[in-house]
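A structural walkthrough
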Amino acid sequence: MTRRKLVAGNWKMHGTSADLDEIRAIADAAERLKGRVDVALCVPATLIHRASDAVPGFPIGGQDLHHQEKGAHTGDICAAMLHDAGASLVIVGHSERRDAHREEDEHVRAKAESGLRSGLSVILCVGESDADRSAGRAVEVVSRQLDASLPREGAAGSNFSVAYEPIWAIGTGKIPSTAEIAEMHSALRERLIAAYGAEGQSVRILYGGSVKPSNASEIFAIDDVDGALVGGASLKASDFLPIVEAAAT
Ligand code: PEP
């Protein structure tokens, strides 16, 4: 099955209104490449409203959401608030949140289900630690993580993506070998088919972790790599756009 690639930027805790020109440059290029690659930027919550006003029609996303619809949750935001600010997608289960905010698989699943229920597209992150990779249990650990984090409903189609992000590759400049990425993506595809049947074929599996202009083409050529989640290299249009172009080729 052909799946159009998705290249999503994760700006993490970077970006203010001073960076709107970078977002405009990225959105302009995405418009030129429309139909060949999907592009999105997940910016800090404080920037969503301004960013979505600056680039109407270009997908702007959040980086987290609370799984409940409202309530006494100081500092959190829910799916309806993301919509209200102009977001059309959200990342859930990023390893930095699983670690620093002690988010467990079940919690991540509830967030994914809440996002999908509200009509947001969802990118669900999974990935192994350095210790798990060194011990030879990366595929087993990540498959288990995926099974436990997968939304039970609403996940088929292009509104739901999985991002395989080895924790040890995030922001380090290290990446798995092409064989290791291929092995993991093929295992994750099997899990998606086990969970969703034939619909599991329509879910995009992104790779994330130190994707750069210099390695993007090689990564996108791997079977079952349907795009990328990009951190550091998404902050500047001059770094991000060559990656987007590699995915469009
Ligand atoms: C990320 O944290 O989602 C990520 C992929 O970061 P980087 O590209 O900087 O490794």
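Below you will find a few notes about this structure.

So, how was this worked out
Residues numbered from 1 in each chain as written. Predicted model: local features only at pLDDT ≥ 70, side-chain atom pairs only at ≥ 80, totals over all residues. Heavy atoms only, no water. Near = heavy atom within 4 Å. Polar contact = N/O pair within 3.5 Å; in protein donor to acceptor, adjacent residues only side chain to side chain. Nonpolar A, V, L, I, M, F, W, Y, C, P; charged D, E, K, R; others polar. Axes fitted to C-alpha atoms, helices over the stretch in contact; angles between N-to-C directions. Helix = DSSP H or I, 4+ residues; strand = E, 2+ residues; numbered from the N terminus. Parallel < 35°, antiparallel > 145°, perpendicular 65-115°, else oblique. Left-handed = near helix turned anticlockwise from the far one by under 90°. Contact = heavy atoms within 4.5 Å. Core = buried A, V, L, I, M, F, W, Y, C linked by side-chain atoms within 4.5 Å. Buried < 20%, exposed > 50% of the residue type's maximum accessible area, 1.4 Å probe, protein only.

Moving on to the site of the ligand. With respect to spatial proximity, 14 residues lie near the ligand, and among them K12, H94, E165, G171 and S210 are the closest. At 2.7 Å, a side-chain N or O of H94 approaches an oxygen atom of the ligand. Taking E165, its side chain carries an N or O atom lying 2.8 Å from an oxygen atom of the ligand. Taken together, the residues of the shell around the ligand break down into four nonpolar, eight polar and two charged.

A few words on the packing of helix α1 (residues 20-32) against helix α2 (residues 45-54). At a minimum axis separation of 10 Å, α1 and α2 run at an interaxial angle of 45°. Between α1 and α2, the crossing angle belongs to the class labelled oblique. Pair α1 / α2 crosses with right-handed handedness. For the pair formed by α1 and α2, the contact residues are L20, I23 and R24 on the first element and L47, R50, A51 and A54 on the second.

Attention now moves to the nonpolar core. Core analysis: the largest hydrophobic core is formed by 68 residues, its most contacted members being I23 and F160. With eight residues, helix α10 (residues 237-248) is the largest single contributor of residues to this core. Grouped together as the second largest cluster of nonpolar side chains are eleven residues, A8, L89, I91 and I123 included.

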